[in-house]
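Okay, here's what each chain looks like letter by letter:
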Amino acid sequence: MAGYRKLGRTSNQRKALLRNQVTNLLYHGKIVTTEAKAKEIRKIAERMIALAVREKDNYETVTVQAKVPQKDKDGKRVKEVKDGKRVTVYDIVDKEIKKDLPSRLHARRQMKKVLYTIKEVPAETAGRKKGTKVVDLTNVLFDEIAPKYASRQGGYTRIIKIGPRKGDAAMEVVIELV
């Protein structure tokens, strides 16, 4: 008896499908899929959320100095001439950053093995590279999802049956974060 559902696919296709579905579930909060896929997605998603809940407070805050370019009133960088070349003028600013402790760093790397990167494209710049933003889903897990489920002992997802699909009568379900 296998420890997982094969879903009628080769192993690399199945892993890619499940990674994609889990990524979309954690990003959007709920997805519609078949019952067999949802039960496999639930296993992976619950593991990711449990990892985030366990490591959510495992970091230290560090103050670092960063060079930030000066900007004029229009938001453009201020330039000055040095040795015949135009050079950007920088200010040194203190910034506070979160530094992961080793166990949280390991958890982040485990999540990155499963989750795909997501690119957000604003509606007005659809079809162009300009304005796209890469979303770090591990940060979303640690900063938004984990605090929501901190007091909960498992059971982070819910599967709701919505009826058979028209084409092949496969049972369709909505899987969502509770």
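Up top is the structure these notes are about.
The sections below set out a description of the structure shown in this document. (Residues numbered from 1 in each chain as written. Predicted model: local features only at pLDDT ≥ 70, side-chain atom pairs only at ≥ 80, totals over all residues. Heavy atoms only, no water.)

## Considerations on the nonpolar core
So, step 1. L26, I49, M111, L115, L141 and I145 are the most contacted members of the largest nonpolar core, which totals 33 residues.
So, step 2. If we skip the residues at most four places from it in the chain, I145 touches L26, I49, V140 and L177. (Core = buried A, V, L, I, M, F, W, Y, C linked by side-chain atoms within 4.5 Å. Buried < 20%, exposed > 50% of the residue type's maximum accessible area, 1.4 Å probe, protein only. Contact = heavy atoms within 4.5 Å.)

## Comments concerning helix α1 (residues 11-28)
So, step 1. For α1, which comprises 18 residues, the first-to-last C-alpha distance of 26 Å matches the rise-based estimate of 26 Å (1.5 Å per residue) to within 8%.
So, step 2. Regarding α1, the residues found buried are R14, L17, L18, Q21, V22, T23, L25 and L26.
So, step 3. Phi for G29, located one or two positions after α1, is positive at around 95°. (Helix = DSSP H or I, 4+ residues; strand = E, 2+ residues; numbered from the N terminus. Expected span 1.5 Å × (residues − 1).)

## A look at unusual backbone geometry
So, step 1. The phi dihedral of L7 falls on the positive side, at around 60°, and the residue is not glycine.
So, step 2. Looking at the secondary structure, you find L7 in the segment before α1.
So, step 3. Owing to a relative accessible area of 19%, L7 belongs among the buried residues under this scheme.
So, step 4. For A169, which is not glycine, the phi dihedral falls at a positive 60°.
So, step 5. Along the chain, A169 falls in the loop between β8 (157-164) and β9 (171-177).
So, step 6. Judged by its relative accessible area of 54%, A169 falls in the exposed class.

## As for helix α4 (residues 137-148)
So, step 1. The terminal C-alpha atoms of α4 lie 15 Å apart, and with 12 residues this matches the ideal 16 Å at 1.5 Å per residue to within 8%.
So, step 2. Within α4 the residues assigned to the buried category are L137, T138, V140, L141, F142, I145 and A146.
So, step 3. On its buried side, α4 packs onto α1, α2 (35-55), α3 (102-114), β6 (118-120), β7 (133-135) and β9.

## Some thoughts on the packing of α3 against α4
Geometry of a packed helix pair, given as the angle between the helix axes and the separation of the axes.
So, step 1. Contact pair α3 / α4: the axes reach a minimum separation of 9 Å and the direction vectors enclose 125°. When the interaxial angle is binned, α3 and α4 end up oblique. In the packing of α3 onto α4, the handedness of the crossing is right-handed. Side by side, α3 and α4 meet where R104, A107, R108, M111 and K112 of the first sit next to T138, N139, L141, F142 and D143 of the second.
So, step 2. Partitioning the contact of α3 with α4 into residue classes produces four nonpolar, two polar and four charged. (Axes fitted to C-alpha atoms, helices over the stretch in contact; angles between N-to-C directions. Parallel < 35°, antiparallel > 145°, perpendicular 65-115°, else oblique. Left-handed = near helix turned anticlockwise from the far one by under 90°. Nonpolar A, V, L, I, M, F, W, Y, C, P; charged D, E, K, R; others polar.)

## A look at the environment of M171
So, step 1. Looking at the element boundaries, M171 is found in strand β9.
So, step 2. M171 gets classed as partly exposed once you look at its relative accessible area, which sits at 29%.
So, step 3. The spatial distance from the C-alpha of M171 to the C-alpha of E35 is 5.9 Å, given a sequence separation of 136 residues.
So, step 4. Apart from residues no more than four positions distant in its own chain, M171 is found in contact with T33, T34, E35, K161, G163 and P164.

## Re the sheet that holds β9
So, step 1. Pairing is antiparallel across the open sheet formed by three strands, whose spatial order is β1-β9-β8. Bordering the open sheet on either side are β1 (30-34) and β8, each of which pairs with just one other strand. Ignoring strand direction, the axes of neighbouring strands in this sheet form an average angle of 25°.
So, step 2. In the packing of α1 onto the sheet, the strands contacted are β1, β8 and β9, and the crossing angle to β1 comes to about 145°. (Pairing = 2+ DSSP bridges.)

Interpretation in functional terms is not warranted from these geometric data alone.
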